[in-house]
Amino acid sequence: MWFRRKGDRLGGYGHVHKHTDGWFSWEAAAIWDFLLRHQRASGVRGDLLEIGVWHGKSGVMLAMAADEGETAILADIKIRPEELKRTFSRVPKQAWDATHFVECDSKKLLDRPELEGRSFRWIHIDTEHTAPALRADLDQAHKVLADDGIVCLDDIFLWLYPQLTDEMYRYARAHPDRFSLFLVGYNKAFLARPGKVRAYMEACHNGLIDEIERVGVRSCLARTARMGEYQGFGIGPRGAHLRHHGLRHNRDQFDY
Amino acid sequence: MLFGSKRTENYKVIHAETTGWFPWEAAAIWDFLLRYQRTSGIRGDLLELGVWQGKSGVMLAMAAEEGETAILVDHRIRRKDLKKTFARAPKRAWDATRFVECDTRDLHGRPELEGRNFRFVHIDAEHSVAAMRSDLDLAHQTMTDDGIVCLDDIFVWLYPQLTDEMFRYLRAHPDRFSLVLLGYKKAFLARPAKARAYMDHCHAHLIDDLDEIGIESCLARTARMEELTGFSIGGRHGEPRHRGRDGDNDHFEY
């Protein structure tokens, strides 16, 4: 994993995380790493997009994950060059070289020439925290997400912005052909195309808990809902829970 | 306030010594809302669906005024544990309580509920979508016009289906309930016509009230009017006491 293997291109992110201002939790970073590595191992290719960058705490991770020929597009209504340069100075130079910064209102992002012809395997939405903005960002994500890509939403299940969680579920219900939720926890939600969601869920079920535990994130993957009533896993601190938690009164039943 | 009184001192001990998942912060909000109901002349029985060892249910029993009854329902009533919990509360709490053992989905039409109107309904039963929907239907049928429904395990990663279903239900039945407050794993709903009164009271007094017992919280209203009703609440941690929209913190419209 990137924090253990010195030669890995993602090596050193722990240092960036520690020294960069932002709200991107270590637990979320560990899940990103797991999913980005899963994409690489599965041959999922495409560019990477972040909408809402701040100092680049999470965006730099996308830049570091960009393989040859891939580009990380980091978009914000206000690009903060000094802070971003500082953040990127802590990682290998190829991350900077793989990145394009776009300063614009996220609503107009698709009109920008930097996005023309691109297909993204990863889209992180962390922009204006209103329901209409999230809806517009999801509409755009639908247009440019690769068939096997992931959309990650910020501040889901966070009490400060309940409208985002409401809108996420509302959108998923209104457009079941566009995205399915496969994982929620640590203030993030992960969506994939309905046809690919099963593969991501299987990857999470088989490897996520073990992998993130190696970087000190002791978590429980939960599937307390019955088939048909809700799709996706929940993830959170293990505490006294099991590594995998099924139905409330039958914890070994882990159907999905 | 209840938490400074003898009654609440009793409850503090109960909370500390009873097994359960009822956060102290949620108990403090219950206390605030139950006191508001009393001072506003809101009367009615109190109902809990999903009791376990009575950690929260005993609080409803303690809040029951003369002539009011607390009905505590669970598919398995743990009498021994409940007696232990209630032994720490004034005897009249036990006297004001009726225990009903059944699946909450079978409650519709049960004689124990006949003719009753509830001012406080706590839903903490089977954590499935179907059960929650049925429990909300029951709450709609039996709650007074000025009552409160409290839902458990909202915005909890372990049971994301409950949050999904709550929002779905509110949208499907905007005439039944409106969201008043969300946080500390609970959501509070009221009738649409009464939600404003509860929100006014929360806006004016909730944060001060919690501060007095050492719970430093932030009451937030980051959504626009057309997006979502209700406030949210959580630990202050550098946030102001009242938090409006991003970039326009003083804009606290509701």
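Since this is a predicted model, take the numbers as computed values, not measurements.

Things to note about the overall build of chain B
Moving on, step 1. For chain B, the helix and strand inventory stands at eight helices and ten strands.
Moving on, step 2. The C-alpha atoms of chain B give 17 Å as radius of gyration, which agrees with the globular expectation for 254 residues (18 Å, within 12%).
Moving on, step 3. Expressed as lengths along the three principal axes of its C-alpha atoms, the size of chain B is roughly 55 × 40 × 35 Å.
Moving on, step 4. A total of 254 residues make up chain B; the buried ones form 52% of that total.
Moving on, step 5. Pairs at least 24 residues apart make up 67% of the contacts formed inside chain B by residues separated by at least 6 positions.

What about the overall build of chain A?
Moving on, step 1. A tally of regular secondary structure across chain A gives eight helices and ten strands.
Moving on, step 2. For 256 residues, the compact-globule estimate of 2.2 N^0.38 gives 18 Å, and the C-alpha radius of gyration of chain A, at 17 Å, lies within 12% of that figure.
Moving on, step 3. Projected onto its principal axes, the C-alpha positions of chain A cover 50 × 40 × 35 Å.
Moving on, step 4. The long-range fraction of contacts in chain A, counting pairs at least 24 apart against all pairs at least 6 apart in sequence, stands at 65%.

Describing the interface of chain A and chain B
Moving on, step 1. At the junction of the two partners, chain A supplies 26 residues and chain B supplies 25 residues.
Moving on, step 2. At the level of elements, helix H7 (162–174), strand E6 (180–185) and strand E9 (233–237) of chain A are the ones that each hand at least two residues to the side of chain A that touches chain B.
Moving on, step 3. When grouped by side-chain class, the residues that make up the side of chain A that touches chain B number twelve nonpolar, ten polar and four charged.

Quick notes on the environment of A:Asp67
Moving on, step 1. With respect to the helices, strands and loops of the structure, A:Asp67 is situated in the loop between helix H3 (59–65) and strand E2 (72–76).
Moving on, step 2. Distance in space between the C-alpha atoms of A:Asp67 and A:Gly46 is 8.9 Å, their sequence separation being 21 residues.

Considering the pairing of strand E4 (residues 118–123) of chain B
Side-chain positions along a regular strand alternate between the two faces of the sheet.
Residue and element names in this part refer to chain B.
Moving on, step 1. Where burial is concerned, most of E4 is hidden: six out of the six residues are buried.
Moving on, step 2. Where strand E1 (residues 45–49) meets E4, five bridges bridge the pair, whose relative direction is parallel. Across the sheet, the residue bridging to Asp45 is Phe118, located in E4.
Moving on, step 3. Sheet topology note: the E4/strand E5 (residues 143–152) ladder contains five bridges and is parallel. Its bridge partner being in E5, Ile123 is matched across the sheet by Leu151.

Section: unusual backbone geometry
Excluding glycine, a negative phi dihedral is what most residues carry, and trans is how most peptide bonds are arranged.
Residue and element names in this part refer to chain B.
Moving on, step 1. Even without being glycine, Trp52 reaches a positive phi, approximately 55°.
Moving on, step 2. You can see Trp52 is positioned in the loop between E1 and helix H3 (57–63).
Moving on, step 3. With a phi close to 75°, Lys185 is a non-glycine residue in the positive phi region.
Moving on, step 4. By the element assignment, Lys185 lies in the loop between strand E6 (178–183) and strand E7 (186–190).
Moving on, step 5. Note on Lys185: 18 C-beta atoms within 10 Å, which makes it partly exposed.

Things to note about the packing of helix H2 (residues 26–41) of chain A against helix H8 (residues 197–213) of chain A
Residues and elements named next belong to chain A.
Moving on, step 1. Running from N to C, H2 and H8 cross one another at 130°; their axes reach a closest spacing of 10 Å. Between H2 and H8, the crossing angle belongs to the class labelled oblique. Crossing hand, H2 versus H8: right-handed. Facing Ala30, Ile31, Phe34 and His38 of H2, the residues of H8 in contact are Ala203, Leu208, Glu211 and Ile212.
Moving on, step 2. Of the residues assigned to the contact of H2 with H8, the class counts are six nonpolar, one polar and one charged.

Side note on the sheet that holds strand E10 (residues 244–245) of chain A
All names here are of chain A.
Moving on, step 1. Taken together, ten strands build an open sheet; the order of strands is E3-E2-E1-E4-E5-E7-E6-E9-E8-E10 and the sheet is mixed. Every interior strand has two partners, whereas the edge strands, strand E3 (99–103) and E10, have only one.
Moving on, step 2. Pairing of E2 with E3 involves five bridges; the strand directions are parallel. Bridged to Asp76 within E3 is Glu103.

What about the nonpolar core?
Moving on, step 1. If you look at the biggest cluster of nonpolar residues, it comprises 163 residues, and the most contacted ones within it are A:Val151, A:Phe182, B:Ala61, B:Ile123, B:Val149 and B:Val180.
Moving on, step 2. Apart from the residues within four sequence positions on either side, A:Val151 is in contact with A:Ile123, A:Ile125, A:Ala141, A:Leu145, A:Phe179 and A:Leu191.

Re helix H6 (residues 131–144) of chain A
Residues and elements named next belong to chain A.
Moving on, step 1. Helix length check: H6 (14 residues) gives 20 Å between terminal C-alpha atoms against 20 Å at 1.5 Å per residue, within 8%.
Moving on, step 2. Listed in full, the buried residues belonging to H6 are Ala131, Leu134, Asp137, Leu138, Gln140 and Ala141.
Moving on, step 3. Buried positions along H6 lie against strand E1 (47–51), strand E4 (120–125), strand E5 (145–154) and H7.

Describing the packing of helix H6 (residues 129–142) of chain B against helix H7 (residues 160–172) of chain B
Residue and element names in this part refer to chain B.
Moving on, step 1. Axis separation between H6 and H7 bottoms out at 10 Å; the angle between their running directions is 40°. One element, H6, and the other, H7, form an angle in the oblique class. As H6 packs across H7, the resulting crossing turns out to be right-handed. Along its contact with H6, which presents Val129, Met132, Arg133 and Leu136, the element H7 presents Gln161, Leu162, Glu165 and Tyr169.
Moving on, step 2. In terms of residue class, the contact of H6 with H7 is built from five nonpolar, one polar and two charged.

Comments concerning the sheet that holds E6(B)
Residue and element names in this part refer to chain B.
Moving on, step 1. Spatial ordering of the open sheet is given by E3-E2-E1-E4-E5-E7-E6-E9-E8-E10, a layout of ten strands whose pairing is mixed. Looking at which strands have only one partner, the edges of the open sheet turn out to be strand E3 (97–101) and strand E10 (242–243).
Moving on, step 2. Where strand E8 (residues 217–220) and E10 come together, two bridges link them in parallel fashion. When the bridges of E10 are listed, Leu219 appears paired with His242.
Moving on, step 3. In the packing of H6 onto the sheet, the strands contacted are E1, E4 and E5, and the crossing angle to E4 comes to about 175°.

Side note on helix H4 (residues 79–86) of chain B
Residues and elements named next belong to chain B.
Moving on, step 1. Leu82, Thr85 and Phe86 are the residues of H4 that are buried. Seen end-on, H4 carries its buried residues on one side only, within an arc spanning 90°. In H4, the exposed residues that point more than 90 degrees away from the buried face are Lys80 and Lys83.

Rules used throughout
- Residues numbered from 1 in each chain as written.
- Chains lettered and ligands numbered in written order.
- Predicted model: local features only at pLDDT ≥ 70, side-chain atom pairs only at ≥ 80, totals over all residues.
- Helix = DSSP H or I, 4+ residues; strand = E, 2+ residues; numbered from the N terminus.
- Rg over C-alpha atoms; globule rule 2.2 N^0.38 Å.
- Buried ≥ 20, exposed ≤ 12 C-beta atoms within 10 Å, placed from the backbone.
- Contact = placed C-beta atoms within 7 Å.
- Nonpolar A, V, L, I, M, F, W, Y, C, P; charged D, E, K, R; others polar.
- Pairing = 2+ DSSP bridges.
- Axes fitted to C-alpha atoms, helices over the stretch in contact; angles between N-to-C directions.
- Parallel < 35°, antiparallel > 145°, perpendicular 65-115°, else oblique.
- Left-handed = near helix turned anticlockwise from the far one by under 90°.
- Core = buried A, V, L, I, M, F, W, Y, C linked by C-beta atoms within 7 Å.
- Expected span 1.5 Å × (residues − 1).
- Arc of directions from axis to C-beta.

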